[in-house]
Structures are given as C-alpha cells and as structure tokens.
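Listed below are the residues making up each chain.
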12 protein chains.
Amino acid sequence: MKDHIYKIVHLTGTSEKSTEEAVNNAIKRASRTLHHLRWFEVTEVRGDIENGGVKHWQVTLKVGFTLEE
Amino acid sequence: MKDHIYKIVHLTGTSEKSTEEAVNNAIKRASRTLHHLRWFEVTEVRGDIENGGVKHWQVTLKVGFTLEE
Amino acid sequence: MKDHIYKIVHLTGTSEKSTEEAVNNAIKRASRTLHHLRWFEVTEVRGDIENGGVKHWQVTLKVGFTLEE
Amino acid sequence: MKDHIYKIVHLTGTSEKSTEEAVNNAIKRASRTLHHLRWFEVTEVRGDIENGGVKHWQVTLKVGFTLEE
Amino acid sequence: MKDHIYKIVHLTGTSEKSTEEAVNNAIKRASRTLHHLRWFEVTEVRGDIENGGVKHWQVTLKVGFTLEE
Amino acid sequence: MKDHIYKIVHLTGTSEKSTEEAVNNAIKRASRTLHHLRWFEVTEVRGDIENGGVKHWQVTLKVGFTLEE
Amino acid sequence: MKDHIYKIVHLTGTSEKSTEEAVNNAIKRASRTLHHLRWFEVTEVRGDIENGGVKHWQVTLKVGFTLEE
Amino acid sequence: MKDHIYKIVHLTGTSEKSTEEAVNNAIKRASRTLHHLRWFEVTEVRGDIENGGVKHWQVTLKVGFTLEE
Amino acid sequence: MKDHIYKIVHLTGTSEKSTEEAVNNAIKRASRTLHHLRWFEVTEVRGDIENGGVKHWQVTLKVGFTLEE
Amino acid sequence: MKDHIYKIVHLTGTSEKSTEEAVNNAIKRASRTLHHLRWFEVTEVRGDIENGGVKHWQVTLKVGFTLEE
Amino acid sequence: MKDHIYKIVHLTGTSEKSTEEAVNNAIKRASRTLHHLRWFEVTEVRGDIENGGVKHWQVTLKVGFTLEE
Amino acid sequence: MKDHIYKIVHLTGTSEKSTEEAVNNAIKRASRTLHHLRWFEVTEVRGDIENGGVKHWQVTLKVGFTLEE
C-alpha cells in the first residue's frame with residue numbers, strides 16, 4: 001500500500017446565515033475543481049457589519065486533498 | 001480622498017443558543033454607542049457548563065470602526 | 001473559604017450538524033464520569049469531507065472542573 | 001435573565017516591588033472610572049533595569065467588565 | 001515617585017504610500033483626543049489591492065499612553 | 001538504563017495572596033493522587049476582581065510526572 | 001446577491017530597496033495569472049545580508065482573490 | 001451511526017536514539033492502559049546534553065483516543 | 001539582476017518509516033509538476049496509530065519555488 | 001543625537017523563593033559582564049518539584065542592553 | 001563539503017526615519033564584530049512617540065551568521 | 001546550595017542525512033567554546049531542495065548552559 005501525499009489550499013467561504021454554511025459554501029466551490037477532498041481546519045472567523053449586526057460571516061479554512069499518483 | 005483611521009475594541013458577547021447569536025448580541029450592544037462599525041474577528045470561544053451542557057456561549061471578538069475626521 | 005483547584009481535560013466532540021452540537025456532545029459524555037464541570041474553551045475546529053460537504057464537525061475543547069477536597 | 005456583554009480594556013500596571021502589586025495598581029486605577037470589573041488576564045511581564053536589578057515591574061493585562069444595559 | 005499606569009488602544013492607520021505613513025497617520029489622529037502617548041507596537045500589516053498593486057496599506061498598532069493620576 | 005515516559009496534566013491553582021501560592025496549591029493537591037511529580041510550566045495567569053482589587057489569582061500550569069514501568 | 005468564495009495564495013516578493021516594493025513586486029507578478037486580487041497580509045519579513053547591509057528584502061504575504069462563479 | 005467523542009492526553013517519550021523512537025516509546029506505554037489510540041501530534045522536541053552530544057531526545061505529543069460509549 | 005518572486009505551497013507527506021522520508025516523499029511528488037523548488041519548512045508532525053505504534057508519519061511542510069518570469 | 005543599537009540575550013534565573021527573585025538573580029549575574037542593561041521581558045515560567053511543592057522557580061527572560069558605539 | 005553551523009543573535013536597531021534604516025543600522029553595527037552575516041528576520045516593530053508622531057522606529061531582528069570551523 | 005543561572009544561545013545545525021544529525025552537529029560545535037551545556041529545544045526545521053529531494057536539513061535550536069559563578 002502507498003504512502004499518500006496531500007495538498008492543502010486556503011479558502012475563505014462567506015455566508016449571511018452561519019459559520020457552518022460559510023464552511024460548506026467554500027467546500028462545495030472547491031469540490032468543483034479539486035477531487036478527493038479529505039479534511040478541513042478553520043483558521044479564522046471574521047465578518048463585516050451592517051446596521052448593527054453581522055452582514056457576512058467570513059470563515060477561512062485549510063482544505064486537504066489527496067494528490068493523485 | 002482620505003486615508004481612514006480605524007479603532008478596534010474588544011468585546012465578549014454571550015448567548016444561551018449559539019456562537020452566532022453571541023456575536024450578534026455584542027455587535028448590537030456596541031452599535032448603541034459606537035458608529036461606523038465595519039468588521040469583526042472572533043478571537044476566543046468559551047462558555048460555562050451547567051447540568052452536563054453549555055449554559056452560556058462566550059465569544060470574544062475584536063470590532064473595528066471608522067474614527068470620524 | 002477555600003482556594004479551589006481545577007483540572008483541565010482535552011476532548012474532541014463530533015457532530016454531523018453543527019459546531020455547537022459537537023461541543024455539547026463532548027460535554028455530555030464527559031459529565032458521565034467527571035463531576036463539577038465548570039467551563040470550556042474551544043481550541044480547534046476541524047472536520048472531514050464527503051461528497052463536497054462537511055461530514056463531521058470535530059471540535060476540540062478544554063474542559064475545566066473542580067477537584068474535590 | 002439576560003445575556004451579558006463584556007468589554008475588555010488593556011492596561012499596564014507598574015510597581016517597584018512585585019508583579020502582583022503591578023496588577024493591583026492597574027486594577028485599582030481602572031476601577032476609578034470603570035464599574036463592574038470582573039476578571040483579568042496577564043499578557044506580558046516586562047520591566048526596566050537599574051543598577052543591576054529590576055527597577056519597575058511592568059505587567060500588561062486585559063481587564064473585562066460588564067457593560068450596563 | 002509614583003508607579004505609572006498605562007492604557008493601550010488598538011488602531012489601524014492607512015496610507016497609499018508606505019507603512020511608516022500609515023503608522024504616523026494613526027498616531028496623529030489618536031493624539032487629538034489622547035494625551036501622553038508614549039509607545040506603539042505594530043501587530044498587523046495588511047492592505048487592499050487595485051490594478052495589480054497596493055492601494056492602501058493598513059497597519060494595525062497598539063498605542064500606549066500614561067493615565068493621569 | 002531505561003527511557004522514561006512522562007505524562008502531563010493541566011491544572012489551575014488559585015490563591016488570594018500570590019501567583020506563587022496558587023502554583024504551590026495546585027502542586028500540593030496533585031501530589032495527593034499522582035506520584036513522581038517532576039516539573040511544571042505556567043501557561044496562563046488570570047484572576048477575578050472584587051472591590052477594585054484581585055480577589056483570586058488563577059494560575060494554570062502543566063505538571064509533568066514519570067509514568068511507572 | 002451571492003456569497004463570494006475567496007482563495008488565498010502565499011508568495012514571497014523581493015526587492016533591494018524596501019519592504020513596500022517587495023510587496024508590490026509580488027502582487028504585480030501574481031496579477032499576471034490571477035484575477036480579482038482583493039487583499040494581502042504580510043506574514044514574514046526576512047532578507048539576506050551582503051557587505052554589512054541588507055541585500056534583498058524578502059517579504060512573505062498571503063494574497064486573497066475572488067473565485068469566479 | 002454515532003458521533004464519536006475523543007480524549008487527548010499529553011505525553012513525553014524519551015529515547016537515546018531518535019525522535020521517532022521517542023514517539024513510539026510514548027505510544028507503546030500509553031497503549032498498555034488506554035485503548036483505541038487513534039492519532040498523535042508532536043508539540044515539542046527537546047533533549048538533554050552530555051559530552052557534547054544529545055543524551056536523551058524528549059518528544060512531547062498529544063495522543064487522541066476514542067472514548068467508549 | 002532581477003528581484004525574484006517565490007510561491008509557497010502546503011503539502012503533507014506520509015511515510016511508515018520516518019519523518020525524513022515523509023518530507024522527501026512530499027518533495028519528490030511536488031517536483032513532478034513544480035519546477036525550481038528551493039526550500040521547505042516543517043509546520044506540523046502528526047501521525048496515526050495502529051497496534052500500539054506509529055502507522056504513518058504525516059509531516060506537513062511549506063515548499064517554496066521560484067516563479068518563472 | 002545617535003540612533004542606538006541594542007542587543008538581546010536570553011537567560012534563565014532560578015530561585016527557591018519567588019519568580020521575582022529568579023528574575024533579579026539573572027539580571028544581577030548578567031550585569032557582572034554586560035553593561036548598560038536596559039529592559040527585560042519574561043518569556044517562560046517553569047520549575048521543578050520536590051516533596052509536593054516547588055523546589056526551584058526557573059524564569060526565562062530576554063534582557064536588552066545598549067551596544068557601545 | 002561541510003555541514004555549516006550558524007549562530008543567531010537578537011538585535012534592535014533604531015532610526016528616526018524608517019523601519020528599513022533601523023534594520024540596516026543594526027546590521028551595520030553587528031558586522032563590526034561578527035563576520036559572515038548571512039540573513040535576518042524581523043520579529044518586532046515598535047517605537048516611541050513624541051509630539052503626535054513616531055520619534056524612533058525600533059525594529060528587533062534575528063541575525064544569522066556562519067560559525068567558522 | 002546555589003541558585004543557578006543559565007544562558008540560552010540560538011544555533012542552526014545542518015546535515016545532509018537527518019534532523020538528529022543536524023542537532024548533534026550544532027551541539028558538538030557549540031561545545032568547543034561553551035561549557036556546561038545542559039539542554040536544547042528545537043524551534044524550527046527547514047531545509048533546501050535539490051533534484052527533487054532534501055539537500056540539507058537545517059534545524060534551529062535553543063541550547064541552554066550553566067553560567068559559572
């Protein structure tokens with residue numbers, strides 16, 4: 001059995017609703033061009049403010065995927 | 001056009017329901033005395049525990065706002 | 001009045017739904033063997049990916065509890 | 001019962017005697033203008049040197065207090 | 001002689017020219033309302049991009065000043 | 001001669017008097033159930049505030065001890 | 001209106017003159033292959049030394065850009 | 001299918017030969033009392049020195065294991 | 001002479017034998033599609049566990065390479 | 001007037017009594033061979049344990065001094 | 001060919017004009033007593049304030065040089 | 001019995017073979033001019049790349065030694 005190699009990309013997903021949706025939006029977009037996505041790790045949670053509330057959640061994440069042989 | 005100056009304050013919002021509500025509670029309270037709130041960044045997520053579950057979510061955030069000329 | 005001593009354990013809770021549920025799952029499990037749970041702090045939010053979306057949220061937390069005299 | 005909001009300010013207290021006194025000096029000064037001080041966290045311990053010994057202890061701390069409704 | 005107490009505020013200065021000017025802009029603005037400014041420390045250097053170059057330098061700094069007795 | 005293995009536990013000691021006493025309180029309590037305590041490292045100094053002064057020093061430490069063969 | 005997704009790349013720009021020019025060199029080069037560059041953040045400032053002075057400034061930065069739908 | 005809960009313990013393994021052996025020594029010892037060990041992460045590599053060379057490698061690691069239902 | 005620009009990618013190499021082999025595996029794989037690889041920096045050492053020992057070493061690294069003019 | 005240059009050395013002072021005395025011991029020893037000591041910053045507080053209490057406080061500090069022209 | 005060994009010293013350079021000049025001042029001073037200076041890394045940018053502007057830039061850096069065989 | 005004082009120096013050892021040899025090379029070189037070396041801590045593992053593999057391992061470490069009375 002082989003020793004796998006993974007690559008990690010850094011993405012920021014956004015959502016008006018929740019941090020979870022922001023993460024899912026980023027992963028869904030990444031999966032259109034990258035295959036074999038395996039794991040993610042949240043590295044930053046930010047957002048912009050409008051009318052005294054959160055307008056967009058901006059969640060930055062590292063996403064790891066297997067490089068094909 | 002001018003070079004803006006921003007000030008950053010540190011707040012902890014709390015909520016019995018979710019981290020998102022804790023953030024919104026902090027921003028809503030800040031907007032009563034501070035104008036031109038622009039962005040936030042979450043720096044800590046903590047909470048206290050009661051009866052084997054989270055009682056309050058305590059989310060600390062930096063909030064940036066434009067200083068008036 | 002006494003000076004309390006606290007011990008801190010490190011747990012990872014998981015959930016298919018949200019980071020909040022992952023935290024609550026970890027605390028509920030810990031409370032079966034540890035008494036006097038007092039506070040927690042989130043130290044890491046990760047997860048695994050399946051079919052272009054989050055499969056499990058994996059939230060690591062420190063949980064503090066009072067040591068009995 | 002309400003969800004409290006806290007504000008955090010950053011202070012440096014100094015003392016010729018000890019780090020503990022430096023912290024207490026900062027808190028005592030803060031309590032003259034801020035009410036409902038609740039907790040602190042030490043973030044830096046520095047000092048200046050004179051004649052081969054510590055002249056002033058300079059302890060930087062975050063101080064949290066409840067914002068009034 | 002007294003043990004001084006310092007307060008630290010967090011500011012972001014901006015400039016189209018350089019990081020040094022961004023810092024000076026923040027300090028000049030702060031000195032209009034705060035007296036006895038003593039030192040600063042740069043904590044973040046960011047910026048926004050337009051037409052393949054830096055449009056604004058955004059330098060975040062901590063600024064310390066002496067609290068009056 | 002053997003290669004030793006150590007385990008590290010995380011404790012918070014408290015004291016109304018000093019950070020040193022808070023550390024000693026935590027170590028004294030730990031030594032009632034753990035043997036072969038060897039070293040510690042302070043990771044956090046916090047406290048709560050009452051009447052414009054520190055009420056309890058809360059010092060978090062890692063404590064290492066030798067696991068028996 | 002849509003929730004944007006951003007990707008972040010890590011670059012090191014160099015310059016014999018200044019940190020600002022090193023950043024601009026990196027951004028100018030990136031803009032030849034990447035569109036919609038939005039922001040950057042400096043993460044490291046290093047350099048090599050020759051004849052008792054800085055020969056090259058080496059500034060590492062994160063650069064964020066909007067992923068097209 | 002269930003949401004698993006993991007616990008993380010902190011160990012220091014030692015070896016006169018290599019960092020890899022130090023890690024394996026710690027895991028082998030842990031597996032005598034803990035079941036379902038799943039992953040580890042190295043957090044510190046230290047050692048003591050004798051006669052101008054490394055005497056013991058001391059590798060600190062976090063080890064995660066599944067808590068039984 | 002020109003001011004070079006470098007790009008940095010993040011990879012995780014794995015090996016059943018050692019951290020050094022895991023790093024070399026990642027670099028060998030990267031060199032199949034990226035030219036002018038110049039340096040690397042290890043940012044994380046993890047692994048999974050089977051039968052009371054390390055099964056795979058997982059070493060995450062940043063790899064820098066020169067961007068062609 | 002000149003632009004001063006400072007050098008920073010790293011020391012660990014020890015004391016059986018307190019962290020403050022450990023710092024002063026390190027500075028007193030440094031001042032026997034280094035002149036113009038100006039400031040220090042504490043970077044680590046550790047210690048060894050004997051008979052259920054702290055035996056030695058070990059405080060690591062950076063000490064800055066002016067380099068002579 | 002030999003495996004080189006490098007030593008790293010920590011310096012703070014100052015300048016009334018810019019961070020770049022502060023770095024160059026530190027390196028120029030170091031090169032009077034240390035040979036084979038190779039690289040530097042900026043670890044801190046601070047300064048003191050006078051009359052609403054920066055008086056001295058204080059840039060702390062690590063400087064690496066080859067130890068002679 | 002005396003309270004010892006330790007000094008800490010920062011070195012980078014290199015090796016074409018392994019991280020362990022790079023550490024030993026640095027310590028062996030240091031022991032030619034420094035006595036009473038006591039412990040080390042690895043702070044960085046880097047390297048340069050040639051022909052799709054690691055050419056030199058570059059391991060940076062802190063080395064502590066006892067200052068003579």
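About the cut-offs
Numbers given to residues run from 1 along each chain, matching the order in which its sequence is written. Just so you know, chain letters begin at A and ligand numbers begin at 1, following the order they were written in. Given that this is a predicted model, residues contribute local features only at a pLDDT of at least 70 and side-chain atom pairs are listed and counted only at 80 or more, while totals for whole chains, interfaces and linings are drawn from all residues. Side-chain measures here rest on the full set of heavy atoms in the structure, leaving out hydrogens and waters. Put simply, DSSP H or I for four residues or longer makes a helix, DSSP E for two residues or longer makes a strand, and each gets a number counted from the N terminus. When we talk radius of gyration, it's over C-alpha atoms, and the globule rule is simply 2.2 Å times the number of residues to the 0.38. We call a residue buried when its accessible area falls under 20% of the maximum for its residue type, exposed when it is over 50%, and partly exposed in between, using a 1.4 Å probe and counting protein chains only. Should any heavy atoms of two residues lie within 4.5 Å, those residues are considered in contact. Within this scheme a cavity is a closed region of a 1 Å grid, computed over the protein atoms alone, that accommodates a 1.4 Å probe without allowing it to escape, whereas a pocket is open but has protein on both sides within 12 Å along at least five of seven lines; lining residues each have an atom within 4 Å of a point. Grid points are joined across faces, edges and corners, and a volume is the space filled by probe spheres set on the points. For this scheme, ten residues count as nonpolar: Ala, Val, Leu, Ile, Met, Phe, Trp, Tyr, Cys and Pro. Four count as charged, namely Asp, Glu, Lys and Arg, and the remainder, Gly too, count as polar. Every helix has an expected span of 1.5 Å times one less than the residues it contains. For the least-squares superposition of copies, only C-alpha atoms count, and only for residues with pLDDT at least 70 in both. A simple way to read buried area is as the amount of 1.4 Å-probe accessible surface that goes missing from two parts once joined, with both sides added. We define a salt bridge as a contact between a side-chain nitrogen of Lys or Arg and a carboxyl oxygen of Asp or Glu at a distance within 4 Å. Pairing between two strands is assigned when DSSP locates at least 2 bridges connecting them. Geometry of aromatic contacts follows a simple scheme: Phe, Tyr and Trp rings, the Trp one being its six-membered ring, pair when their centres are within 6.5 Å, and the pair is stacked under 30 degrees between planes, edge-to-face over 60, tilted otherwise. In the analysis that follows, any N or O atom pair within 3.5 Å is treated as a polar contact, provided that within protein one partner can donate a hydrogen and the other can accept it, and provided that, for residues neighboring in sequence, both atoms belong to side chains. By definition, pLDDT measures how confident the predictor is in each residue, and it falls between 0 and 100.

**A word on the overall build of chain A**
When you go through chain A residue by residue, the secondary structure sums to one helix and three strands. Order of helices (α) and strands (β) in chain A, N terminus to C terminus: β-α-β-β. Expected size for 69 residues packed as a compact globule is a radius of gyration near 11 Å; at 14 Å, chain A overshoots this value by more than 25%. By principal-axis analysis of the C-alpha atoms, chain A measures approximately 55 × 20 × 15 Å. When burial is assessed residue by residue, chain A has 59% of its 69 residues classed as buried. Restricting the contact set of chain A to residue pairs at least 6 apart, pairs at least 24 apart contribute 61%.

**Some thoughts on the layout of surface pockets**
Approximately 630 Å³ is the volume attributed to the second largest pocket. V42 and V45 of chain A, V45 of chain B together with V42 and V45 of chain C are, among the 31 residues lining the second largest pocket, the residues nearest its centre. Taken together, the residues of the lining of the second largest pocket break down into 15 nonpolar, six polar and ten charged.

**Here we look at helix 1 (residues 19–30) of chain H**
Over its twelve residues, helix 1 of chain H runs 17 Å from end to end, which matches the ideal 16 Å to within 8%, given 1.5 Å per residue. With nine of its twelve residues buried, helix 1 of chain H lies for the most part within the structure.

**Points about the relation of the copies chain B and chain A**
When chain B is fitted to chain A, the residual RMSD is 0.0 Å, and the transformation amounts to a turn of 120 degrees plus an axial shift of 0.0 Å. Both copies of the chain, as the preceding transformation shows, are related through a three-fold rotation axis. When each C-alpha of chain B is compared by its distance to the rotation axis, T19 of chain B comes out closest, at 5.2 Å.

**Focus: the interface of chain L and chain K**
Contacts between chain L and chain K engage 15 residues on the former and eleven residues on the latter. A per-residue breakdown of the area chain L buries against chain K is headed by H10, T12 and R29 of chain L, which together make up 45% of the total. If you look at where chain L meets chain K, you find zero salt bridges. Of all the secondary structure elements, the ones that give two or more residues to the side of chain L that touches chain K are strand 1 (5–15), helix 1 (19–30) and strand 3 (53–66) of chain L. Ranked by residue count, the leading element in the side of chain L that touches chain K is strand 1 of chain L, at seven residues. In this structure, strand 1 (residues 5–15) of chain K lies alongside strand 1 of chain L, joined through four bridges in antiparallel fashion. The partner of I8 of chain K across the bridge, within strand 1 of chain L, is H10 of chain L.

**Brief notes about the relation of the copies chain L and chain K**
Expressed as a screw operation, the relation of chain L to chain K combines 0.0 Å of axial shift with a rotation of 120 degrees, fitting to an RMSD of 0.0 Å. When the interface residues of chain L are mapped onto chain K, a mere 7% of them are again interface residues, pointing to distinct binding faces.

**Comments concerning the arrangement of the chains**
Of all C-alpha pairs spanning chain D and chain H, none lies closer than 22 Å, and the two are not in contact. Of all C-alpha pairs spanning chain C and chain K, none lies closer than 25 Å, and the two are not in contact.

**Looking at the pattern of salt bridges**
In total, this model carries 53 salt bridges over all chains according to the counting rule given. Put simply, E41 of chain A and K62 of chain A hold a salt bridge, and the shortest N to O gap is 4.0 Å. Here E41 of chain A, found in strand 2 (residues 37–50), pairs with K62 of chain A, found in strand 3 (residues 53–66); they are 21 residues apart in sequence, far enough to count as distant. Its relative accessible area of 27% is what places K62 of chain A among the partly exposed residues. Across the pair K17 of chain L and E21 of chain L runs a salt bridge, and its minimum N-O distance is 3.4 Å. On the accessibility criterion, E21 of chain L (25% relative accessible area) is partly exposed.

**Some remarks on the pairing of strand 2 (residues 37–50) of chain F**
In terms of strand pairing, strand 2 (residues 37–50) of chain D meets strand 2 of chain F through three bridges, oriented antiparallel. In the sheet register, F40 of chain D faces strand 2 of chain F, and the bridge partner there is G47 of chain F. Taken together, the twelve bridges between strand 2 of chain F and strand 3 (residues 53–66) of chain F define a ladder with antiparallel strand orientation. Within strand 3 of chain F, the position partnered with R46 of chain F by the bridge is Q58 of chain F.

**Some words on the packing of aromatic side chains**
Scanning the model with the defined rule gives 24 aromatic pairs over all chains in all. Summarising the aromatic geometry, the rings of W57 of chain A and F40 of chain B are spaced 5.5 Å apart at their centres and angled 80 degrees between planes, so their arrangement reads as edge-to-face. A residue pair is termed interchain when its members come from two chains, as with W57 of chain A in strand 3 and F40 of chain B in strand 2 (residues 37–50). We note that W57 of chain A, like F40 of chain B, is buried.

**Side note on the environment of K55 of chain B**
Residues and elements named next belong to chain B. Mapped onto the elements, K55 comes out in strand 3 (residues 53–66). Residues K55 and T14 lie 41 residues apart in sequence; the distance between their C-alpha atoms is 9.9 Å. Among all residues touching K55, those that are not within four sequence positions of it are S15, E16, D48, I49 and E50. Reaching out from K55, the side chain makes a polar contact with the side chain of E50 at a distance of 3.5 Å.

**A look at the confidence of the model for chain A**
Predicted confidence across chain A gives a mean pLDDT of 96, with 99% of residues reaching 70 or more. Here the predicted complex scores 0.97 on pTM and 0.96 on ipTM.

**Considering unusual backbone geometry**
All names here are of chain C. The backbone phi angle of H36 is positive, close to 60 degrees, even though this residue is not glycine. Relative to the assigned elements, H36 resides in the loop between helix 1 (19–30) and strand 2 (37–50). Positive phi, normally seen in glycine, also occurs at N51, with a value near 50 degrees.

**A word on the side chain of S18 of chain A**
In this structure, S18 of chain A sits in the loop between strand 1 (5–15) and helix 1 (19–30). Those residues in contact with S18 of chain A that lie beyond four places of it in its chain are W57 of chain A together with E20 of chain B.

**Description of the interface of chain B and chain A**
Taken together, the contacts link 13 residues of chain B with 14 residues of chain A. The largest share of the area that chain B buries against chain A comes from E20, F40 and E41 of chain B, three residues that together contribute 48% of it. Seen at the junction of chain B and chain A, the total is one salt bridge. Between E41 of chain B and R46 of chain A there is a salt bridge, with its nearest N and O atoms 3.0 Å apart. The interface formed by chain B and chain A holds six residue pairs in polar contact (both at pLDDT 80 or more) in total.

**Some thoughts on the pairing of strand 1 (residues 5–15) of chain I**
All names here are of chain I. In terms of burial, strand 1 is largely enclosed, as ten of its eleven residues are buried. The pairing of strand 1 with strand 3 (residues 53–66) spans ten bridges and is classified as antiparallel. Paired with Y6 across the bridge in strand 3 is T66.

**Thoughts on the environment of D3 of chain D**
By the secondary structure assignment, D3 of chain D is in the segment before strand 1 (5–15). In this view, D3 of chain D contacts T14, S15, E16, E21, N25 and H56 of chain B; residues no more than four positions away in its chain are not counted.

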